[in-house]
Amino acid sequence: MIEVAVIGVGGWGKNLARNYYQLPEANLRYICDLDPAKLEAMQRQYPGATTTSSYDDVLADPELDAVVIATTGPSHYELAKKALLAGKDVYVEKPFVLEVEHAVELTELAEKGDRIVMVGHLLEYHPVVARLKSMIEAGDLGDVYYIYSQRLNLGTVREDENALWNFAPHDISSILYLLGKKPVDVSARGQDYLQRDVEDVVFLTISFEDSTMAHIHVSWLDPHKVRKLTIVGSSKMAVFDDLESSEKLKVYDKGARLSQDYDTFAEYVGLRFGDITIPYVKTGEPLRIECLHFIDCVENRKQPRSDGHDGIRVIKVLDAAQRSLKNNGVPVAID
Ligand SMILES: NC(=O)c1ccc[n+]([C@@H]2O[C@H](COP(=O)([O-])OP(=O)(O)OC[C@H]3O[C@@H](n4cnc5c(N)ncnc54)[C@H](O)[C@@H]3O)[C@@H](O)[C@H]2O)c1
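Worth saying up front: this structure is predicted, and the values here are computed from it rather than measured. (Residues numbered from 1 in each chain as written. Predicted model: local features only at pLDDT ≥ 70, side-chain atom pairs only at ≥ 80, totals over all residues. Heavy atoms only, no water.)

Draft legend 1. Fine view of the nonpolar core. Within the largest apolar cluster, 73 residues are counted, with the highest numbers of intra-cluster contacts made by Leu-132, Ile-172 and Leu-204. In terms of residue count, the dominant contributor to this core is helix 7 (residues 163-179) (11 residues). In terms of domain composition, this core takes at least three residues from each of domain 1 (2-121 + 287-303) and domain 2 (124-285 + 316-333). Other than its neighbours up to four places away in sequence, Ile-172 contacts Leu-204, Ile-206, Ile-216, Val-314, Val-317 and Leu-318. The next biggest cluster of nonpolar side chains, apart from the first, holds 29 residues, and it includes Ile-2, Val-9, Leu-28 and Ala-70. (Core = buried A, V, L, I, M, F, W, Y, C linked by side-chain atoms within 4.5 Å. Buried < 20%, exposed > 50% of the residue type's maximum accessible area, 1.4 Å probe, protein only. Helix = DSSP H or I, 4+ residues; strand = E, 2+ residues; numbered from the N terminus. Domains from an automatic or database assignment. Contact = heavy atoms within 4.5 Å.)

This is the structure in C-alpha cells:
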C-alpha cells in the first residue's frame, strides 16, 4: 500500500484526492491546503485522511511515500523540491514548473536521490491518445504531415498564468508523445484582452526536425467549448474529439495521391475519399489511469511515461513559445 499526500485541493486537486482515496493500491494519508474551508470539506468527505495546512508536518512523516502537488503553477518548484529533498516520490500537476532550469534541477535531484518525479500530462494517459500512438507507430495513418489541436472555452480566467501555460501543456505533451520527434522551433502569437500581460488567446506553431508541423490554439475567451486534435497523415486522417461521449475517435480514409501518369493537373493530384470509421476504444477516466501509473511507478520503482525528462521537453517548448509571444511571433529555437 502506497501512502499518499495530496497538496492543494482546489478545482483540480479534489479530483486527485478522490482518485487516491478510491484506488485500492493507495492510502490517502494526508490532504494539505492553506484554505481551512477546503480542509473542512475534505475532512467530512475523507474522514480517514489527516487534513493539515502544514506541508512540513506532511513531509516529516517517515511513513509517507509520495506527494501529489496540485497547487497552482508558481508554487510547484518549491514544493516539489522540498518533497524530493525529504526523500519522497513526487507527482506534479502541469505545468511542471515555470523555468527550464527548475525542470532540469528537479529531474536531476530525483535521479540523484533515486526518487520518482512524474508530471501530470494527463492526455498521455488517455485511451484515445494511446490508440492514436499505436496507429501512428503501425503506419496506419502513413507519414504524419501535421497535427493541430484546439482547447477553447469561455472558462476560468487565471491571473497567475496565461492561456498558454494553463492549457497548452496538454496539447504540447500529447503531440510530442504522439510524434516522438524533436521540436526545432516555435512561433506564438496571442493577445491580452482581459488583464494586462496575461494572454487570453494564443496560437502557436511548432516545427519538427523533418517537415512535420503542429499548431495549437488555446483560449479561455471563446464562444465554443472545444477539445479537439486532428492528425493529417499521408494515408489517413484522424480526429480525436474529447467532448464526444463515446465516439471520441474518427478515422477518415481520405487523402491526396500524386500520380506519375497524368494529362491534367486534376489527374496529377488525385483526391481519395474513403470510409470514415469509428474505432472502439475502451474508455476509462484518464485521471484514474494516470494515478494508477504513478502508484505502479512508486511501488515497482519504474520510470513514469511523463517523467522529469518529458516535463523538461514540454517546459522548453512553453518557454520558447512565451519568448516568441513577447516578440510578436518571431520563431524561437527550442534548445
Ligand atoms: N490535468 C488537468 O486536466 C488539470 C485541470 C485543471 C487544473 N490542473 C492543474 O492543477 C493545478 C491546480 O489547479 P486548480 O484549478 O485546482 O487551482 P485552484 O486555485 O483551484 O486550487 C489550488 C489550491 O492549492 C492551494 N494551495 C496553494 N498554495 C498552497 C500551498 N503552498 N500548500 C498547500 N495548498 C496550497 C490553494 O489554497 C487552493 O485550494 C494547476 O497546476 C493546474 O494547472 C490540471
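Draft legend 2. Inspection of a nonpolar patch on the surface at higher detail. Nonpolar side chains collect at one region of the surface, where Leu-154, Val-157, Tyr-193, Leu-194 and Leu-221 lie side by side and expose about 510 Å² of accessible area between them. One can find Val-157 in the loop between strand 7 (144-154) and helix 7. (Patch = residues over 30% accessible without salt bridge, like charges linked within 9 Å, V, L, I, M, F, W, Y side chains within 5 Å. Areas by Shrake-Rupley, 256 points an atom, 1.4 Å probe, with all protein chains shown as cover. Salt bridge = Lys/Arg side-chain N within 4 Å of Asp/Glu carboxyl O.)

Draft legend 3. Representation of the site of the ligand in the model. Lining the immediate environment of the ligand, one finds 20 residues, of which Gly-11, Trp-12, Asp-33, Lys-94 and Arg-158 sit closest. One of the backbone N or O atoms of Gly-11 is found 3.0 Å from an oxygen atom in the ligand. A distance of 3.3 Å separates a nitrogen atom of the ligand from a polar atom in the side chain of Glu-93. Coverage of the ligand by the protein chains reaches 79% of its 860 Å² of free accessible surface. When the residues that make up the shell around the ligand are grouped by side-chain class, the tally is seven nonpolar, eight polar and five charged. (Near = heavy atom within 4 Å. Polar contact = N/O pair within 3.5 Å; in protein donor to acceptor, adjacent residues only side chain to side chain. Nonpolar A, V, L, I, M, F, W, Y, C, P; charged D, E, K, R; others polar.)

Draft legend 4. Just the packing of helix 1 (residues 13-22) against helix 9 (residues 286-300), in detail. Direction vectors running N to C along helix 1 and helix 9 enclose 60 degrees, while the axes themselves pass 10 Å from each other. Taken together, helix 1 and helix 9 sit at an angle that is classed as oblique. In the crossing of helix 1 with helix 9, the sense of the turn from one axis to the other is right-handed. Here helix 1 contributes Asn-15, Leu-16, Asn-19, Tyr-20 and Gln-22 to the contact with helix 9, which in turn contributes Leu-287, Arg-288, Cys-291, Phe-294 and Ile-295. (Axes fitted to C-alpha atoms, helices over the stretch in contact; angles between N-to-C directions. Parallel < 35°, antiparallel > 145°, perpendicular 65-115°, else oblique. Left-handed = near helix turned anticlockwise from the far one by under 90°.)

Draft legend 5. Looking closely at the sheet that holds strand 5 (residues 89-93). With respect to topology, six strands assemble into an open sheet ordered 3-2-1-4-5-6, the strand pairing being parallel. Only two strands of the sheet have a single neighbouring strand rather than two, namely strand 3 (50-52) and strand 6 (117-120). Pairs of neighbouring strands in the sheet enclose a mean axial angle of 20 degrees, with direction left out of account. Examined bridge by bridge, strand 5 and strand 6 share four bridges and lie parallel to one another. Considered in strand 6, the bridge of Glu-93 is made with Gly-120. (Pairing = 2+ DSSP bridges.)

Draft legend 6. Region of interest: unusual backbone geometry. Residue Pro-95 is bonded to the preceding Lys-94 through a cis peptide linkage, with omega at -10 degrees. One can find Pro-95 in the loop between strand 5 and helix 5 (100-112). Even without a glycine there, the phi angle at Asp-114 is positive, about 55 degrees. For Asp-114, the position within the fold is in the loop between helix 5 and strand 6. Of note, the phi angle at Asp-197 is positive, near 70 degrees, even though the residue is not glycine. By the secondary structure assignment, Asp-197 is in the loop between strand 8 (183-191) and strand 9 (201-208).

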